[in-house]
Amino acid sequence: MAEIGHGGKAIVERIMEPKEAAEKIKGLTQIPIRSQIANEVIGLTYGYFTPIEGFMNRADVDSVCKNMRLSNGVVWSIPLLFDVSDEEISKYNLKVGNSVVLTYGGNPMAILEIEEIFDYDKKAMCQAVFGTDEAKHPGCARVYECKDKFIGGKVTLVQRPKINAPYDPYFIPPLEMRKRFKEKGWARIVAHQTRNVPHTGHEWLMKGAWLQAYAELPIEKPLVGVLVNAIIGEKRKGDYIDEAIILTHDELRKAGYFGDHNHLTSLTFWDMRYAGPKEAIFHAALRTNLGLTHHMYGRDHAGVGTYYGAYDAHHLLATVQDELNITPVYSMNWLYCPHCGEITSEGICDHKKEWQKFSGTVMRSIVLDGVKPPRLIYRPEVFDVMIESGEKYGFGSPFVTDNYLEKRIPVFEIPPLK
Amino acid sequence: MAEEKYPINIWINEERYAKLQKAGLAELPEEMLAGLKVLRVYANDAQKDKILKTFPTAKFDSATTKSIELLPKDVKDKIFDKIVEKQSVDIMADFLKAY
């Protein structure tokens, strides 16, 4: 039976068999792609972005910008662009109707069928998607860095990427993910979007969302799970290294703060746009495709700086809720109350004057100062795995450094096509 | 209206605590977050802007704590040394003179 994804369309993997692939790529022009495009090729071909099958044509980009919908009417909030320069169009002789091979790391990754070559006003795109055209907004910066022409067309993987350790167990594409959920017997699964090593505020966000999602379901056997879905993409200096993010989240399960019966860690390849409300809509589609039934949204979801209001994402989600197959779970902040002597929710505790709020940024400062936080704030097992990850994968630091950016283990590679 | 002030949290590790004890300042830190010791040095608006400009890795946590975070450790060590020298956390103006 088909697995139905966002927009009511069946999830289909667009991946060729090796023999077919070797034959299909013969004689085709090869174009190298950068990591952002490679990440999106994986998203498109494994069905993470269902119903979309390729990079967007002009009609879809225009409709996404102006109506937050694909041209077929399905809700979609962020353009998926394949950019090329005029020089490349000329150099590779790119023409509508042709197909080209996209290479990553020198090896064939996918075939792109060129359906359209077009241009688009980048400033207008930024204003529509990000609510600003300022170049200092990281999403706008990413659009402005694009070359001036775009290619629309379907993509098909010519071989599966090789996911390197320690990431390999956490790459669980939509069809496989849905199988796992069935095996676990989960009736409801709530998504936790992350780019952080978890402190207990995050842990309680997950626990709170799990309780909210459980609601009226019977409790004789485990029926609800939390899926941690880490976004793996471009890193900035000072971020936690990807290995630390993934391994510490899984440590929450291994160390018993959660268990196999209610917790699973996974990753999605995507370069954050920091589009706030629009990224929240994108996350709803992405996690629907992964088979989730609920999605956590906190304050300023996927925002940056002061571009978006704390609850803008919630308000925008409400406008299209009837068309989404995922239920938002809105989360209040969790904090430490010395009076209660515990982590509590700002929606529960009334010792407001005593509240001590903490964030991922504050935790990073504490770690940078060489201090191990108490277990009520940061689980010791999580702390130890973070430090070990830094030593093993981060050249001595759990935070991204120039050295890490230059020499890190690639999350995935494309092997030579046999 | 009182001027807004933004804390820089100097978290007290063992090395810093030993220095505070030696200087007779072991009681100076506050306790936060279930047992962590911290010295809170406050910056006003202009000082906050200067800090964020002078130290590009620093970040103002505008969403949650309204504090200045992610200063390099050597910079925080200098702020800490200034606190020990002046036996006070009211040192921001003095500290920023060097920048």
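It should be emphasised that the depicted structure is a prediction, and the values quoted were computed from it without experimental measurement. (Residues numbered from 1 in each chain as written. Chains lettered and ligands numbered in written order. Predicted model: local features only at pLDDT ≥ 70, side-chain atom pairs only at ≥ 80, totals over all residues. Heavy atoms only, no water.)

1. Brief notes about the overall build of chain B
- Tallying secondary structure elements over chain B gives 4 helices and 5 strands in all.
- The order of helices and strands in chain B, counted from the N terminus, is β-α-β-β-α-β-β-α-α.
- Against the 2.2 N^0.38 benchmark of 13 Å for 99 residues, chain B shows a C-alpha radius of gyration of 13 Å, consistent with a compact globule.
- Along the three orthogonal principal directions, the C-alpha set of chain B runs to about 35 × 30 × 30 Å.
- Looking at chain B as a whole, 44% of its 99 residues qualify as buried.
- By sequence separation, contacts in chain B at least 24 residues apart represent 61% of the contacts at least 6 residues apart. (Helix = DSSP H or I, 4+ residues; strand = E, 2+ residues; numbered from the N terminus. Rg over C-alpha atoms; globule rule 2.2 N^0.38 Å. Buried < 20%, exposed > 50% of the residue type's maximum accessible area, 1.4 Å probe, protein only. Contact = heavy atoms within 4.5 Å.)

2. Points about a negative patch on the surface
Residue and element names in this part refer to chain B.
- On the surface, a cluster of negative charge is made up of Glu3, Glu4, Asp45 and Asp49.
- Summarising the element assignment, Asp45 is placed in helix H2 (residues 45–54).
- Classification of Asp45 by relative accessible area gives partly exposed; the value is 34%. (Patch = residues over 30% accessible without salt bridge, like charges linked within 9 Å, V, L, I, M, F, W, Y side chains within 5 Å. Areas by Shrake-Rupley, 256 points an atom, 1.4 Å probe, with all protein chains shown as cover. Salt bridge = Lys/Arg side-chain N within 4 Å of Asp/Glu carboxyl O. Lys, Arg positive; Asp, Glu negative; His and termini not counted. Charge placed at Lys NZ, Arg CZ, Asp CG, Glu CD.)

3. Describing the pairing of strand S12 (residues 294–297) of chain A
Residues and elements named next belong to chain A.
- The two faces of S12 match: His294 and Met296 on one face and His295 and Tyr297 on the other face are all buried.
- The sheet contact formed by S12 and strand S13 (residues 327–330) spans 4 bridges and is parallel. Paired with Met296 across the two strands is Val329, which belongs to S13.
- What joins S12 to S13 is helix H11 (residues 312–320), and the crossover it makes is right-handed. (Pairing = 2+ DSSP bridges. Right-handed = clockwise from strand over helix to strand, strands pointing away.)

4. With respect to the sheet that holds strand S11 (residues 263–269) of chain A
All names here are of chain A.
- Judged by pairing direction, the sheet is parallel, and its 5 strands sit side by side in the order S11-S10-S9-S12-S13 without closing on themselves. A single partner strand is all that each edge strand has here, and the edge strands are S11 and S13. With direction set aside, neighbouring strand axes in the sheet form an average angle of 30°.
- Where strand S9 (residues 188–194) and S12 come together, 2 bridges link them in parallel fashion. Of the residues in S12, the one forming a bridge with Val190 is His294.
- Its contacts with the sheet place helix H7 (residues 174–184) against S9, strand S10 (224–232) and S11, and it is angled at close to 175° to S11.
- Its contacts with the sheet put helix H9 (residues 242–254) on S9, S10 and S11, and the angle it makes with S11 is roughly 160°. (Axes fitted to C-alpha atoms, helices over the stretch in contact; angles between N-to-C directions.)

5. Comments concerning the interface of chain A and chain B
- Contact residues are listed per partner, giving 21 residues for chain A and 21 residues for chain B.
- For the pair chain A and chain B, the two sides together bury roughly 1,800 Å², of which 64% comes from carbon and sulfur.
- Of all residues in chain A, Gln356(A), Thr361(A) and Asp369(A) bury the most surface against chain B, accounting for 29% of the area lost on that side.
- There are 2 salt bridges connecting chain A and chain B.
- Of the charged contacts in the structure, one is a salt bridge between Asp369(A) and Lys76(B), with a shortest N-O distance of 3.0 Å.
- At the junction of chain A and chain B, the tally comes to 9 residue pairs in polar contact (both at pLDDT 80 or more). (Buried area = accessible area lost by both parts, 1.4 Å probe. Polar contact = N/O pair within 3.5 Å; in protein donor to acceptor, adjacent residues only side chain to side chain.)

6. Focus on the layout of surface pockets
All names here are of chain A.
- Roughly 430 Å³ of volume is contained in the second largest pocket.
- What lines the second largest pocket is a set of 21 residues, and nearest its centre among them are Ser35, Asn39, Gly233, Glu234 and Asp271.
- Considering every element that reaches the lining of the second largest pocket, the biggest residue donor is helix H2 (residues 35–45), with 3 residues.
- When its residues are assigned to classes, the lining of the second largest pocket shows 8 nonpolar, 4 polar and 9 charged. (1 Å grid on protein atoms, 1.4 Å probe; cavity = no way out; pocket = protein on both sides within 12 Å on 5 of 7 lines; lining within 4 Å. Points joined across faces, edges and corners; volume = space filled by probe spheres on them. Nonpolar A, V, L, I, M, F, W, Y, C, P; charged D, E, K, R; others polar.)

7. Comments concerning the confidence of the model for chain B
- The pLDDT averaged across chain B works out to 92; a share of 99% of its residues lies at or above 70.
- Complex prediction metrics read pTM 0.93 and ipTM 0.91. (pLDDT = per-residue confidence, 0-100.)

8. Topic: the nonpolar core
- If you look at the biggest cluster of nonpolar residues, it comprises 137 residues, and the most contacted ones within it are Phe49(A), Trp76(A), Leu102(A), Met109(A) and Leu33(B).
- Broken down by element, this core gets its largest block of residues, 7 residues, from S10(A).
- Of all hydrophobic cores here, the second largest spans 23 residues; its members include Tyr6(B), Leu39(B), Ile68(B) and Leu71(B). (Core = buried A, V, L, I, M, F, W, Y, C linked by side-chain atoms within 4.5 Å.)

9. As for the packing of helix H10 (residues 277–289) of chain A against H11(A)
All names here are of chain A.
- Running from amino to carboxyl end, H10 crosses H11 at an angle of 50°, the nearest separation of the two axes being 8 Å. Between H10 and H11, the angle falls in the class oblique. Helix-helix and strand crossings are classified by hand; for H10 and H11 the assignment is right-handed. Across the interface between the two elements, Pro277, Lys278, Ala280, Ile281 and Ala284 of H10 pack against Asp312, Ala313, Leu316, Leu317 and Val320 of H11.
- Along the lines of polarity and charge, the residues of the contact of H10 with H11 split into 8 nonpolar, no polar and 2 charged. (Parallel < 35°, antiparallel > 145°, perpendicular 65-115°, else oblique. Left-handed = near helix turned anticlockwise from the far one by under 90°.)

10. Re the pattern of salt bridges
- Here the structure, examined in full by the defined rule, presents 37 salt bridges over all chains.
- Note that Asp81(B) and Lys19(B) form a salt bridge whose closest N and O atoms lie 4.0 Å from each other. Taken as a pair, Asp81(B) in helix H3 (residues 73–86) and Lys19(B) in helix H1 (residues 14–22) lie far apart in primary sequence, 62 residues in all.
- On the basis of relative accessibility, which here comes to 38%, the residue Lys19(B) falls in the partly exposed class.
- Taken together, the shared-partner salt bridges connect Asp369(A), Arg16(B), Lys73(B), Lys76(B) and Asp77(B) into one network.

11. Description of helix H12 (residues 360–368) of chain A
- For H12(A), a buried count of 8 out of 9 residues is recorded, marking the element as mostly surrounded by other parts of the structure.
- Regarding H12(A), the residues found buried are Gly360(A), Thr361(A), Val362(A), Met363(A), Arg364(A), Ser365(A), Ile366(A) and Val367(A).
- Residues of H12(A) that are buried sit in contact with helix H13 (380–393) of chain A together with strand S1 (6–11), strand S3 (36–43), strand S4 (59–61), strand S5 (67–69) and H3 of chain B.
- Positive backbone phi, approximately 75°, marks Gly370(A), located one or two places after H12(A).

12. Thoughts on empty space enclosed by the protein
Residues and elements named next belong to chain A.
- Tallied over the full model, the rule gives 1 cavity of 30 Å³ or more.
- As a volume, the largest cavity reaches approximately 120 Å³.
- Lining the largest cavity are 13 residues, with Gln36, Pro79, Leu81, Val143 and Arg273 sitting closest to its centre.
- Contributing elements (two or more residues each) for the lining of the largest cavity: H2, helix H5 (122–130) and helix H6 (138–144).
- Here the lining of the largest cavity takes 3 residues from H5, the largest share from any one element.

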